[in-house]
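Read off the chains here:
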Amino acid sequence: MGSTLDQFGSQTTFADAGIGAARTVWLTNSMSIISLVILAFVMLVALFAWRSTGGGRVWWIIGGGIVFPLITLSVLTVASATTLRSITGEAQPEAPVIEITAYQYWWDVVHHSEGRSLRDANEIVLPLNMAVTLQLKSNDVIHSFWVPSVSGKMDMIPGRINELTITATKEGRFRGQCAEFCGLSHPLMAFEVLVLPVEEYAAYLESLDEDARDAVTPQQRRGKEVFLTSGCTACHAVNGVSENGRLGPDLSRVGARASLGAGMWRMNRGNLAGWIADVGDMKPGAQMPSYNDLSGPDLRAVAAWLESLK
Amino acid sequence: MSDRDRNSGLLGTVFAILSGVIVSLAVGVWALGTPGNDPVGAAAVTAGTFMEGKFRWLRAEPENVPQDWVEISKTVRGGDPQRGATLIAQYGCGSCHVVPGVARAHGTVGPDLSGFRDRAYIGGVLSNEPGDLVDWLMNPTTHAPDTAMPDLGVTETDARHMASYLYTLRGS
Ligand SMILES: [Cu+2]
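Small disclaimer: the values here were computed from a predicted structure and weren't measured.

Re the overall build of chain A
Here's step 1: Each helix and strand in chain A was counted, giving six helices and twelve strands.
Here's step 2: Its C-alpha radius of gyration of 25 Å places chain A more than 25% over the 19 Å reference for a compact globule of 310 residues.
Here's step 3: Dimensions of chain A, computed from the C-alpha atoms along their principal axes, are close to 95 × 40 × 35 Å.
Here's step 4: Looking at chain A alone, contacts between residues at least 24 apart form 66% of all its contacts between residues at least 6 apart.
Here's step 5: For chain A, the exposed surface amounts to about 15,500 Å²; the carbon and sulfur share of it is 61%.
Here's step 6: Positive and negative side-chain charges of chain A, numbering 24 and 30 respectively, have mean locations separated by a distance of 6 Å.

See the structure below:
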């Protein structure tokens, strides 16, 4: 399946692809209708006020200034609290937990499954029709997590864990976006959500537990060598190759993602090479140095190797 | 001296005088004109254009219609520029090149492709013409082994579309 970059409407709230999103649509529709009714009511009252001959002013003030707001505001408070709860989802103790940490300008994703912590980045795979608890954190500034087609929005605040329970109800690829201004490249901080049937989701988790693919061709082997000797391992982890880097996205299966640079470019060799050679131009402010000191063949090799990690 | 010789001598003299008069008349008329005004030249140009039209009409056959050779030398067979622009976005050329008209293509790894049609060489190694450009897009590393531009697995059809788009990029 291609990336959401080619897909029109991958970020619409009206896709009906998750419980939170469906509730949001319901809320929007009912609020529009209710405000229309209120508007009609006020117009009617104004009409009667125009024709009335005075008298009962005290009752107008008590009724319109105290009783009416008191009742409407109480109703609205209760309604908004319950709706908000249903949009963020009731906590479900058995639901799988996915820990998502926002960094300036990318997403670290850890699936907690059977006591294992399985790491991926910039692409969030969800099981179909199953409630999942997202633990939303931030490593630096305030970000906000939002997949309009699937769920409501929730802020990611440094030093806090915000929980959001989401249930995806439609298979496919959807687009999410950081929804809180977080710095220079905030608009370039998106991600993709892939909703898979439960069995495929389990297989995906297993693939995260495995070592990265072996380098096969001479060019790929050279690429791996370049990766190991150019300092990439200080920030990036690749299962079975070098597992300590945490400052940048996990690259164990970077070639399997549909997009590069947190949902912003199609995943392919050209963009990979361009990214490594000059990330500062593609994503100003990204916490990765540009590697234009690599020779042409080495640059191509490391891009080819990363592309092969599926 | 015979009669005949005398007659031809006379005729020659008359002819010489006549042509002298005609030439001085022409020069006189020409000299009377304001500087920069060139009635004779203008007449010549008009006559020339008229004759050229006649000649063209005489040899009017499809292959004799005047050709824009520059245009032809930059035409890529089977290439659709519009399709090419889409492919350039899909292959990710924009992460390395500035490509006018392609969204978000502002890379600074390789050369700016603005005005590419007027570039003399491709990568400094191939002359800039359709066949070579298609070759370059398919296998840059064959032509420049140390280049940073990767072989992107571009098919010939795709290369043709992209090349035809690149030839729509004119200099200023
Ligand atoms: Cu942001």
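Read on, since the account is not over.
A look at a nonpolar patch on the surface
Residue and element names in this part refer to chain A.
Here's step 1: Taken together, the side chains of Val58, Trp59, Ile62, Ile66, Val67, Leu70, Ile71 and Val75 make up a nonpolar region of the molecular surface, amounting to roughly 820 Å² of accessible area.
Here's step 2: Examined against the element boundaries, Val75 turns out to sit in helix α2 (residues 57–88).
Here's step 3: Of the residues examined, Val75 reaches a relative accessible area of 52% and is grouped as exposed.

Digging into the coordination of the copper ion
Residue and element names in this part refer to chain A.
Here's step 1: The protein atoms that coordinate the copper ion are Cys178 (SG), Glu180 (O), Cys182 (SG) and His186 (ND1), at distances of 2.0 to 2.8 Å.
Here's step 2: Geometry at the copper ion is irregular, judged from the four donor atoms that bind it and their angles of 84 to 130 degrees at the metal.
Here's step 3: On the accessibility criterion, Glu180 (31% relative accessible area) is partly exposed.

Points about the sheet that holds strand β8 (residues 162–167) of chain A
All names here are of chain A.
Here's step 1: Strand order in the open sheet made by the five strands is β3-β2-β1-β5-β8, with mixed pairing throughout. Where the open sheet ends on each side, the last strands, each with one partner, are β3 (116–121) and β8. Recorded for the sheet is a direction-independent mean angle of 25 degrees between the axes of neighbouring strands.
Here's step 2: Alignment of strand β5 (residues 131–138) against β8, held across six bridges, turns out to be antiparallel. Directly across from Gln135, in β8, lies its bridge partner Glu163.
Here's step 3: Along the sheet, helix α3 (residues 198–209) makes contact with β1 (97–103), β2 (106–113) and β3, crossing β3 at roughly 90 degrees.

Brief notes about the packing of helix α5 (residues 269–282) of chain A against helix α6 (residues 296–308) of chain A
All names here are of chain A.
Here's step 1: Here α5 crosses α6 at 125 degrees, and the two axes come no closer than 9 Å. The angle between α5 and α6 places the two elements in the oblique class. The two elements α5 and α6 meet at a crossing, and its hand is right-handed. For the pair formed by α5 and α6, the contact residues are Arg269, Leu272, Ala273, Ile276 and Ala277 on the first element and Leu299, Val302, Ala303, Ala304, Leu306 and Glu307 on the second.
Here's step 2: For the contact of α5 with α6, the per-class residue count stands at nine nonpolar, no polar and two charged.

Brief notes about the interface of chain A and chain B
Here's step 1: The interface is formed by 18 residues belonging to chain A together with 20 residues belonging to chain B.
Here's step 2: Across the interface of chain A and chain B, roughly 1,400 Å² is buried in total on both sides, 52% from carbon and sulfur atoms.
Here's step 3: Together, Arg266, Asp281 and Arg300 of chain A form the three largest contributors to the area buried by chain A at its contact with chain B, with a combined 34%.
Here's step 4: The tally of links from chain A across to chain B stands at zero salt bridges.
Here's step 5: For the interface between chain A and chain B, the tally reads eight residue pairs in polar contact (both at pLDDT 80 or more).
Here's step 6: For the side of chain A that touches chain B, the secondary structure elements donating two or more residues are β12 (265–266), α5 and α6 of chain A.

Some details on a negative patch on the surface
Here's step 1: Together, Glu210, Asp211, Asp214 and Glu243 of chain A give the surface a local cluster of negative charge.
Here's step 2: Inspection of the secondary structure assignment puts Glu210 of chain A in the loop between α3 and α4 (218–229).

Things to note about the nonpolar core
Residues and elements named next belong to chain A.
Here's step 1: One finds Ile100, Trp107, Leu126, Leu134 and Phe145 to be the most contacted residues of the largest nonpolar core, which totals 41 residues.
Here's step 2: The element that contributes the greatest number of residues to this core is strand β10 (residues 190–196), accounting for five residues.
Here's step 3: Core analysis: the second largest hydrophobic core is formed by 29 residues, Leu251, Met264, Leu272 and Val279 among them.

Re the domain arrangement of chain B
Here's step 1: With domains assigned, chain B is organised as domain 1 (3–58) and domain 2 (71–166).
Here's step 2: A straight line from the C-alpha centre of domain 1 of chain B to that of domain 2 of chain B covers 58 Å.

Some words on the environment of Gly285 of chain A
Residues and elements named next belong to chain A.
Here's step 1: Structurally, Gly285 is set in the loop between α5 and α6.
Here's step 2: For Gly285, a relative accessible area of 37% gives the class partly exposed.
Here's step 3: On a C-alpha basis, the gap between Gly285 and Ser185 in space is 6.4 Å, while along the polypeptide they are 100 residues apart.
Here's step 4: Ignoring anything within four residues of it in the chain, the contact list for Gly285 reads Tyr105 and Leu184.

Some thoughts on the packing of aromatic side chains
Residue and element names in this part refer to chain A.
Here's step 1: Going through the model one piece at a time under the given rule, you end up with eight aromatic pairs over all chains.
Here's step 2: Relative to Trp106, the ring of Tyr103 lies with its centre 4.3 Å away and its plane at 20 degrees, an arrangement referred to as stacked.
Here's step 3: In this structure Tyr103 comes out as buried when scored by relative accessible area, which is 16%.
Here's step 4: Aromatic ring contacts, followed pair by pair, group Trp107, Phe145 and Phe191 into a single cluster.
Here's step 5: A cation over an aromatic ring shows up here: Lys153 above the ring of Trp146, its NZ or CZ 4.6 Å from the ring centre.

Remarks on the packing of helix α5 (residues 130–138) of chain B against helix α7 (residues 156–166) of chain B
All names here are of chain B.
Here's step 1: Axis separation between α5 and α7 bottoms out at 9 Å; the angle between their running directions is 120 degrees. It follows that α5 is oblique to α7 by the angle criterion. Where α5 crosses over α7, the handedness of that crossing is right-handed. Where α5 abuts α7, its residues Leu133, Val134, Leu137 and Met138 lie against Glu156, Ala159, Arg160, Met162, Ala163 and Leu166.
Here's step 2: When grouped by side-chain class, the residues that make up the contact of α5 with α7 number eight nonpolar, no polar and two charged.

Parameters and conventions
Residues numbered from 1 in each chain as written. Chains lettered and ligands numbered in written order. Predicted model: local features only at pLDDT ≥ 70, side-chain atom pairs only at ≥ 80, totals over all residues. Heavy atoms only, no water. Helix = DSSP H or I, 4+ residues; strand = E, 2+ residues; numbered from the N terminus. Rg over C-alpha atoms; globule rule 2.2 N^0.38 Å. Contact = heavy atoms within 4.5 Å. Areas by Shrake-Rupley, 256 points an atom, 1.4 Å probe, with all protein chains shown as cover. Lys, Arg positive; Asp, Glu negative; His and termini not counted. Charge placed at Lys NZ, Arg CZ, Asp CG, Glu CD. Patch = residues over 30% accessible without salt bridge, like charges linked within 9 Å, V, L, I, M, F, W, Y side chains within 5 Å. Salt bridge = Lys/Arg side-chain N within 4 Å of Asp/Glu carboxyl O. Buried < 20%, exposed > 50% of the residue type's maximum accessible area, 1.4 Å probe, protein only. Donors = N, O, S within 2.8 Å, 3.2 Å for Na, K, Ca; no water. Tetrahedral: all angles 85-135°; square planar, octahedral: opposite > 155°, others 65-115°. Pairing = 2+ DSSP bridges. Axes fitted to C-alpha atoms, helices over the stretch in contact; angles between N-to-C directions. Parallel < 35°, antiparallel > 145°, perpendicular 65-115°, else oblique. Left-handed = near helix turned anticlockwise from the far one by under 90°. Nonpolar A, V, L, I, M, F, W, Y, C, P; charged D, E, K, R; others polar. Buried area = accessible area lost by both parts, 1.4 Å probe. Polar contact = N/O pair within 3.5 Å; in protein donor to acceptor, adjacent residues only side chain to side chain. Core = buried A, V, L, I, M, F, W, Y, C linked by side-chain atoms within 4.5 Å. Domains from an automatic or database assignment. Phe/Tyr/Trp six-rings, centres within 6.5 Å; stacked < 30°, edge-to-face > 60°. Lys NZ or Arg CZ within 6 Å of the ring centre and 35° of its normal.

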